Amino acid sequence: MTANKLTRYILLLLAAISFDRTEAAETFDSTHVINRFAVEAGVAGIPPTSPFFKGENSEGRRITLSSSLHLKYGFSFAPSTVNGRWLPGSYQGLGLGVNTFTPGNMLGVPVSLYVYQGAPFWRISSKISLGYEWQFGASFGWKKNNKETDPLNVVGSHTNAYINLGLRIDYRMRPELSLVAVADGSHFSNGNTSQPNSGVNTIGVRFGVVYTPGVAGRDSGFEPLPDFRRGISYDLLLYGAWRSRIFESGGEKSILPGKFGVAGISFAPMYDVCRLFRAGLSLDLQYDESSGLKKYQVDGSPDSSPLFYRPPFIKSVSAGLSARAEFVMPIFSVAVGFGRNMLGPSDSRQFYQTLNLKAFIVRDLFLNVGYRLHDFKSPSNLMLGFGYRFNSHH
């Protein structure tokens, strides 16, 4: 499996924002939707997280700055609608971004395609609000690691995942036009599908303008917000992915050739605390083709280039329990988990952390893009799949 499959999955997720968890007709009713067009430009610093950024590269120069340009289309729900009253001022859409790096010819000029969502959480005045925005997608056109010319390059794939989180101030000059300033951080990496995988991080600011045509006349009718019913709902998630593996034996570390398959299932009873928040536990089962290999190393094979027998299926399965918290928004949900594997190969019995983005393509059926770490620092695998929510209260 290649990074192109990751790209196709993320593009499928991008298409999912055309649907809503309530009634799709509400999304496309012109009296209920407010269009948003935005242009933003930014500059960011690059933390020196590896020798490559400190000047140990083919040009012998420090890589310190990144600049970006973003074109974005989005929409928000009018205050008369259920979604407009559920999370007032929330918006979502598609974005296209271009990044350059100084010096730029060592990392390329990647182009990112992403979904985004944001909302104000503090209206400072009638014209000024403070809010958040996240972006998630894929970036294309990276110059990847070359063992001969740039062996310390931290980028392992031409295509990488893109994650951004920002704190933004909106100043509404007039009903249809706003100025924005954003303090944000970005992360680019391939989700441990290839090595190296330490990725590229940026911390910076963006400035832009948002145009919302016809906002004054898009609020006809009124839909009362239905009563919220607290209770337990259940998420069933099936996912799969592929990963690379670094094998350590005899004090030596080696990157195993090829890719290893990963598949998993999670069942999570979650208590719906309010419209915006759910919490609960999850039973997590995962098959990892690369786990538990040490017991199956071929006798006599060198530690620098080991060979293995294929372990029995059950010997590569781990089981764990995790605590989950989920922020619920129109169309999307973002969930985090902290757990521990209690059964499985010895190298899988560790603390693990998960981050999942759920996009509801129809009511209660969602696409999932997630990432799993262990010990808060070491990458494990992507979690690409489908899920269903039983007994939903939203």
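Predicted, not measured: the structure shown is a model, and the values here were computed from it.

A.B. asks: Run through the overall build of the protein chain, naming residues and quoting values.
C.D. replies: Each helix and strand in the protein chain was counted, giving three helices and 18 strands. Expressed as a percentage of the 394 residues in the protein chain, the buried residues total 50%. Of the roughly 18000 Å² of accessible surface on the protein chain, a fraction of 65% belongs to carbon and sulfur atoms.

A.B. asks: Can you break down the sheet that holds strand 4 (residues 108–123) residue by residue, with the values?
C.D. replies: Overall, antiparallel pairing links the eight strands, which are arranged 1-2-3-4-5-6-7-8 in a closed barrel. Each strand of the sheet is rotated relative to its neighbour by a mean of 25°, with strand direction disregarded. Relative to strand 8 (residues 200–211), strand 1 (residues 33–45) runs antiparallel, the two being bridged by nine bridges. Counterpart to Val 39 in the pairing with strand 8 is Val 209.

A.B. asks: Talk me through the nonpolar core; I want residue IDs and the actual numbers.
C.D. replies: Among the nonpolar cores identified, the biggest contains 19 residues, and Tyr 132, Trp 134, Met 329 and Phe 332 are the most heavily contacted of them. Those elements that place two or more of their residues in this core are strand 2 (65–77), strand 4, strand 5 (128–142), strand 9 (231–243), strand 16 (351–362) and strand 18 (378–390). By residue number, the principal contributor to this core is strand 5, which donates three residues. Formed by 16 residues, the second largest nonpolar core is a distinct cluster that contains Phe 52, Ile 63, Met 106 and Val 200.

A.B. asks: Any details on the packing of aromatic side chains? Residues and values, ideally.
C.D. replies: In total, this model carries 16 aromatic pairs according to the counting rule given. Plain terms: the ring middles of Tyr 287 and Phe 313 are 4.7 Å apart, the flat faces sit at 15° to each other, and that makes the pair stacked. Placement of Tyr 287 in strand 13 (residues 277–288) and of Phe 313 in the loop between strand 13 and strand 14 (317–328) is noted, with a sequence separation of 26 residues between them. When the centroid spacing of 4.8 Å and the interplanar angle of 65° are considered together, the rings of Tyr 388 and Phe 390 count as edge-to-face. For Phe 390, a relative accessible area of 38% gives the class partly exposed. Members of the aromatic cluster, each reached through a chain of ring pairs, are Tyr 91, Phe 101, Tyr 114, Tyr 116, Trp 142, Tyr 162 and Phe 188. In this structure, Lys 72 packs its charged tip against the face of Tyr 116, placed 4.6 Å from the ring centre.

A.B. asks: Let's hear about the environment of Arg 62: which residues, and what values?
C.D. replies: By the secondary structure assignment, Arg 62 is in the loop between strand 1 and strand 2. For Arg 62 and Pro 103, which are 41 residues apart along the polypeptide, the C-alpha to C-alpha distance reads 8.0 Å. Ignoring any residue separated from it by four or fewer positions in sequence, one finds Arg 62 in contact with Phe 53, Lys 54, Gly 55, Thr 102 and Pro 103.

A.B. asks: An account of the layout of surface pockets is requested, with residue identities and associated values reported.
C.D. replies: The calculated volume of the second largest pocket comes to roughly 650 Å³. Arg 36, Gly 89, Pro 120, Arg 123 and Arg 172 are, among the 30 residues lining the second largest pocket, the residues nearest its centre. Only strand 1, strand 2, strand 4, strand 5 and strand 6 (159–174) provide two or more residues apiece to the lining of the second largest pocket. Broken down by element, the lining of the second largest pocket gets its largest block of residues, four residues, from strand 5. Tallied by class, the residues present in the lining of the second largest pocket amount to 13 nonpolar, nine polar and eight charged.

A.B. asks: Describe the sheet that holds strand 9, listing the residues and the values that go with them.
C.D. replies: With antiparallel pairing, the eight strands of this closed barrel are ordered in space as 9-12-13-14-15-16-17-18. Averaged over all adjacent pairs, the angle separating strand axes in this sheet is 25°, with direction ignored. As defined by bridge partners, strand 13 adjoins strand 14 across 11 bridges and the pair is classed as antiparallel. By the bridge assignment for strand 14, Ser 282 is matched with Ser 322.

A.B. asks: Tell me about the environment of Ile 124, and please be specific about residues and values.
C.D. replies: When you line up the elements, Ile 124 lands in the loop between strand 4 and strand 5. Sequence separation between Ile 124 and Ile 169 is 45 residues; the distance between their C-alpha atoms is 9.7 Å. Excluding its chain neighbours within four sequence positions, the residues that come into contact with Ile 124 are Ser 129 and Leu 130.

Parameters at a glance
Residues numbered from 1 in each chain as written. Predicted model: local features only at pLDDT ≥ 70, side-chain atom pairs only at ≥ 80, totals over all residues. Heavy atoms only, no water. Helix = DSSP H or I, 4+ residues; strand = E, 2+ residues; numbered from the N terminus. Buried < 20%, exposed > 50% of the residue type's maximum accessible area, 1.4 Å probe, protein only. Areas by Shrake-Rupley, 256 points an atom, 1.4 Å probe, with all protein chains shown as cover. Pairing = 2+ DSSP bridges. Axes fitted to C-alpha atoms, helices over the stretch in contact; angles between N-to-C directions. Core = buried A, V, L, I, M, F, W, Y, C linked by side-chain atoms within 4.5 Å. Phe/Tyr/Trp six-rings, centres within 6.5 Å; stacked < 30°, edge-to-face > 60°. Lys NZ or Arg CZ within 6 Å of the ring centre and 35° of its normal. Contact = heavy atoms within 4.5 Å. 1 Å grid on protein atoms, 1.4 Å probe; cavity = no way out; pocket = protein on both sides within 12 Å on 5 of 7 lines; lining within 4 Å. Points joined across faces, edges and corners; volume = space filled by probe spheres on them. Nonpolar A, V, L, I, M, F, W, Y, C, P; charged D, E, K, R; others polar.

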